[in-house]
Amino acid sequence: MRKKIIAGNWKMHKTVAEAIALASGIVDSYKPKRVEVVIAPPFTALYKVAEVIRDTHVRLAAQNMFHEPEGAYTGEVSPIMLKDIGVEYVIIGHSERRKYFGETDTTVNLKVKSALKHNLIPIVCVGETLDEREHGITMDVVRRQILGAFTDITADAFEHIVIAYEPVWAIGTGKVATPEQAVEVHRFIREVLRNELNVEAENVPILYGGSIKPNNIESLIKEPDIDGGLVGGASLRVDQFVEIVKISDRIVGGN
Ligand code: PEP
């Protein structure tokens, strides 16, 4: 069975003290049996949060990285630095990075290759804008992003890759995709992986992201094609995030 993951993207939120409190709350509240819990604090809090979650069920992610291992790249953080402090996952190509920081399919590809080279698991984000959906080009956009992100990545490497389908119109807007809309794209991504990249697509976890809350996770995670969620706003509160984890764990367990 594919890994099921609930990942919290804290974005540019939380001081170190607040991050420690949030991470501790998540660790102490509930230990799921089947779902992997991943949290992505801001860079400034990663080191301290790594200490809080060491030897627990919670795994650590970064929200971004640069593709070079070291060098004169003022303001950037390298995969080696992330590995050094216990980071296991890295979110790559989030739509906010594409929109505000000029990330392209090419930079995403460089980062995916670098993450894999340094034994970090990339959580690669793809998804269409509202305009693209309304123009009927969702699948073209997602296909381009998938083929771009995974150029020159071997099929074997997909054992260590997670994909997140995040329709841009659903991120931070309260407008969640319907399970049918999400499933349609998840299936399409698997087809592209299988048919165009010769990947064993059945083994690649594909998360959904976009306004996941405790009151809508059940209908999404019930779908066998949806392997979990990338959660933004609702990951900033212990009660909401833990509730999402609990519901997911129960549904994945068949209850
Ligand atoms: C995200 O940041 O990836 C996200 C899905 O945010 P939200 O849950 O707030 O829509």
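Definitions and cut-offs
- Residues numbered from 1 in each chain as written.
- Predicted model: local features only at pLDDT ≥ 70, side-chain atom pairs only at ≥ 80, totals over all residues.
- Heavy atoms only, no water.
- Helix = DSSP H or I, 4+ residues; strand = E, 2+ residues; numbered from the N terminus.
- Expected span 1.5 Å × (residues − 1).
- Buried < 20%, exposed > 50% of the residue type's maximum accessible area, 1.4 Å probe, protein only.
- Arc of directions from axis to C-beta.
- Contact = heavy atoms within 4.5 Å.
- Phe/Tyr/Trp six-rings, centres within 6.5 Å; stacked < 30°, edge-to-face > 60°.
- Near = heavy atom within 4 Å.
- Polar contact = N/O pair within 3.5 Å; in protein donor to acceptor, adjacent residues only side chain to side chain.
- Nonpolar A, V, L, I, M, F, W, Y, C, P; charged D, E, K, R; others polar.
- Pairing = 2+ DSSP bridges.
- Axes fitted to C-alpha atoms, helices over the stretch in contact; angles between N-to-C directions.
- Right-handed = clockwise from strand over helix to strand, strands pointing away.

Here helix H7 (residues 138-149) contains 12 residues, and its C-alpha end-to-end distance of 16 Å stays within 8% of the 16 Å for a straight helix at 1.5 Å per residue. Taken together, the buried positions of H7 are occupied by Thr138, Val141, Val142, Gln145, Ile146, Gly148 and Ala149. The buried residues of H7 occupy an angular sector of 165° when the element is viewed end-on, so they sit on one face. Buried residues belonging to H7 abut helix H4 (95-100), helix H5 (105-117), strand E5 (121-126), helix H6 (130-134), strand E6 (162-165) and helix H8 (179-197).

By the definition in use, this model includes 4 aromatic pairs. With a centroid separation of 4.8 Å and 50° between ring planes, the pair formed by Phe66 and Tyr73 is classed as tilted. Ring centres of Phe150 and Phe158 lie 4.9 Å apart, and the angle between their planes is 65°; on these two criteria the pair is classed as edge-to-face. According to the relative accessible area criterion, Phe150 is buried, its value standing at 1%.

A word on the site of the ligand. Around the ligand, the surrounding shell holds 14 residues, and the nearest of these are Lys11, Glu166, Gly172, Ser211 and Gly232. Glu166 is positioned with one of its side-chain polar atoms (N or O) 2.6 Å from an oxygen atom of the ligand. Within the backbone of Gly172, an N or O atom sits 2.6 Å from an oxygen atom of the ligand. Across the shell around the ligand, the residue classes tally to 4 nonpolar, 8 polar and 2 charged.

Bringing the sheet that holds E5 into the picture now. Taking strand neighbours around the barrel as the criterion, the 8 strands line up as E1-E2-E3-E4-E5-E6-E7-E8 in a closed arrangement whose pairing is parallel. For this sheet, the mean inter-axis angle between neighbouring strands, taken without regard to orientation, is 30°. With 4 bridges joining them, E5 and E6 adopt parallel strand pairing. Across the sheet, residue Val124 finds its bridge partner in E6, namely Ile163.

With that settled, consider the pairing of strand E1 (residues 4-9). Regular strands place side chains that alternate from one sheet face to the opposite one. Taking burial as the measure, the 6 residues of E1 include 6 buried ones, the bulk of the element. Going residue by residue along E1, you find Lys4, Ile6 and Gly8 tucked away on one face and Ile5, Ala7 and Asn9 tucked away on the opposite face as well. Across 6 bridges, the pairing between E1 and strand E2 (residues 35-40) is parallel. Its bridge partner lying in E2, Lys4 is registered against Val35. The handedness of the E1 to E2 crossover, carried by helix H1 (residues 16-29), is right-handed. Summarising the sheet, E1 and strand E8 (residues 228-231) pair through 4 bridges and their orientation is parallel.

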